[in-house]
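Structural overview
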Amino acid sequence: GALGNFRDLLMNVTLHPCMGVYLSHLGNVKPDPINNIFPDENYAREIMQLFSIGLWELNQDGTRKLLSGQPIPTYTNADITQFARVFTGLHFGGPTNADTTSINTNQDFINLMRSHESFHDKNPKTLLNGVTLGANRTTMQDVSSAIDNLFNHPNTGPFIGKLLIQRLVTSNPSPEYIGRVAAKFANSGSGVRG
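These remarks concern the structure in this document.

Calculation criteria
- Residue indices begin from 1 for each chain and proceed along its sequence in written order.
- The model is predicted, so local features are restricted to residues of pLDDT at least 70 and side-chain atom pairs to those at 80 or more, both for listing and for counting; the totals for chains, interfaces and linings are taken over all residues.
- Side-chain descriptors were evaluated using all non-hydrogen atoms of the structure, hydrogens and water having been removed beforehand.
- Note on exposure labels: buried denotes an accessible area under 20% of the residue type's maximum, exposed denotes more than 50%, and partly exposed covers the range between, all computed with a 1.4 Å probe on protein chains only.
- Each helix corresponds to a stretch of at least 4 residues labelled H or I by DSSP, and each strand to a stretch of at least 2 residues labelled E; elements are numbered beginning at the N terminus.
- Relevant arc is that of directions from the helix axis to the C-beta atoms, nothing else.
- For the purposes of these results, a polar contact is taken to be a pair of N or O atoms within 3.5 Å, where, inside protein, one atom must be able to donate a hydrogen and its partner to accept one; residues adjacent in sequence count only when each atom of the pair is a side-chain atom.
- Salt bridges are defined as contacts in which a side-chain nitrogen from Lys or Arg sits within 4 Å of a carboxyl oxygen from Asp or Glu.
- Where helices are involved, their axes are fitted lines through C-alpha atoms of the stretch in contact, as for all axes, and angles between N-to-C directions lie from 0 to 180°.
- Should an angle lie under 35 degrees it is considered roughly parallel, over 145 roughly antiparallel, and from 65 to 115 roughly perpendicular; all remaining angles are considered oblique.
- The crossing is said to be left-handed when, going from far helix to near helix, the turn is anticlockwise and less than a right angle, and right-handed when the turn is clockwise.
- Contacts are assigned to residue pairs that have any heavy atoms within 4.5 Å of one another.
- Classes in brief: Ala, Val, Leu, Ile, Met, Phe, Trp, Tyr, Cys and Pro nonpolar; Asp, Glu, Lys and Arg charged; the others, Gly included, polar.
- Exposure above 30% relative accessible area and the absence of a salt bridge qualify a residue for a patch, where like charges join within 9 Å and nonpolar side chains (Val, Leu, Ile, Met, Phe, Trp, Tyr) within 5 Å.
- In these tables, accessible area is a Shrake-Rupley quantity obtained with a 1.4 Å probe, and a residue counts as shielded only by the protein chains included in the view.

**Overview of helix α4 (residues 77-86)**
With seven of ten residues buried, α4 is to be regarded as a mostly interior element. Looking at α4, one finds that the buried residues are Asp79, Ile80, Gln82, Phe83, Ala84, Arg85 and Val86.

Listed below in structure tokens is the structure:
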């Protein structure tokens, strides 16, 4: 994905079966409170904390926003629960893994995961910044909207920009440098290109 854009990279990471196994959203099923079954929240937390918006609200120069002298969290436990519901119904892809009423699939680590609609939570969901997803949407409609929600979040540019600068250029970038990268991220339409 080095020559693509960040939104595409975030989507491909989300749908890759290795990530699905590692962060346990492969095979995530819709809630069934009667039987005490709830979607695994691991990937929902990590996609926000590590892969897109980080833990704390940021200014465009990468400095933390403060409220009464304290940093402002970017998401809550309720947000994690809503995103976990988005990432239900994904399982191994490939030509031998059809969307059926039971998940009895071959492990395919080459192809991206695919939706298995009977396992997807079809109820409305509320994402960050009040974005709502209506009822009866497909797995991929929900996943795509969630990726858009994270990609377009004002924190993504400065958070990811700073991480890229630190790993590829300098370990202690100035706020001005981070601000320039974040602005390019926000103004590129489809994300920072490689």
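**Digging into helix α1 (residues 6-15)**
Along α1, the positions that sit buried rather than exposed are Phe6, Arg7, Leu10, Met11, Thr14 and Leu15. Within α1, the buried residues cover an arc of 165° as seen down the axis, which keeps them to one side. Looking at where α1 begins, the residue whose side-chain oxygen comes 3.1 Å from the main-chain nitrogen of Arg7 is Asn5.

**A word on unusual backbone geometry**
In most cases, non-glycine residues show a negative phi, while peptide bonds are predominantly trans. Positive phi outside glycine occurs at Ser68, with the angle close to 55°. Take Ser68: it is sitting in the loop between β1 (66-67) and β2 (70-71). Phi angles above zero are rare outside glycine, and Asn136 is one such case at about 65°. Relative to the helices and strands, Asn136 resides in the loop between β6 (132-133) and α5 (139-151). Look at Asn136 and you get exposed, because its relative accessible area is 65%.

**Things to note about the pattern of salt bridges**
Here the structure, examined in full by the defined rule, presents six salt bridges. Put simply, Lys125 and Asp142 hold a salt bridge, and the shortest N to O gap is 2.7 Å. One end of the pair, Lys125, is in strand β5 (residues 125-126); the other, Asp142, is in helix α5, and 17 residues separate them in sequence. Residue Lys125 shares its accessibility class with Asp142, and that shared class is buried. For Arg137, the salt bridge is made with Asp142, and the minimal N-O distance between the two is 2.7 Å. A cluster of three or more residues bridged by salt bridges with shared partners is formed by Lys125, Arg137 and Asp142.

**Some details on the packing of helix α3 (residues 42-49) against α4**
Put simply, α3 and α4 touch, their axes get as near as 8 Å, and they point 115° apart. On the basis of the axis angle, α3 is roughly perpendicular to α4. As for the relative orientation of α3 and α4, their crossing is right-handed in sense. For the pair α3 and α4, the contacting residues are Ala44, Arg45 and Met48 in the first and Asp79, Ile80, Phe83 and Ala84 in the second. Taken together, the residues of the contact of α3 with α4 sort by class into five nonpolar, no polar and two charged.

**Notes on the side chain of Ser52**
In this structure, Ser52 sits in the loop between α3 and β1. Using a relative accessible area of 0% as the deciding quantity, one classes Ser52 as buried. A polar side-chain atom of Ser52 sits 2.7 Å from the main-chain carbonyl oxygen of Ile47. Contact partners of Ser52, with chain neighbours within four places excluded, come to Leu10, Ile47, Leu150, Asn155, Thr156, Phe159 and Ile160.

**Structural notes on the environment of Phe119**
With respect to the helices and strands, the residue Phe119 is situated in the loop between β4 (114-115) and β5. For Phe119, a relative accessible area of 17% corresponds to the buried category. The spacing of Phe119 and Gly27 is 92 residues in sequence and 8.4 Å in space, taken between C-alpha atoms.

**Here we look at a nonpolar patch on the surface**
A contiguous nonpolar patch, built from Leu164, Leu168 and Val169 and spanning about 320 Å² of accessible area, is present on the exposed surface. Inspection of the secondary structure assignment puts Val169 in the loop between α6 (156-168) and α7 (175-187).

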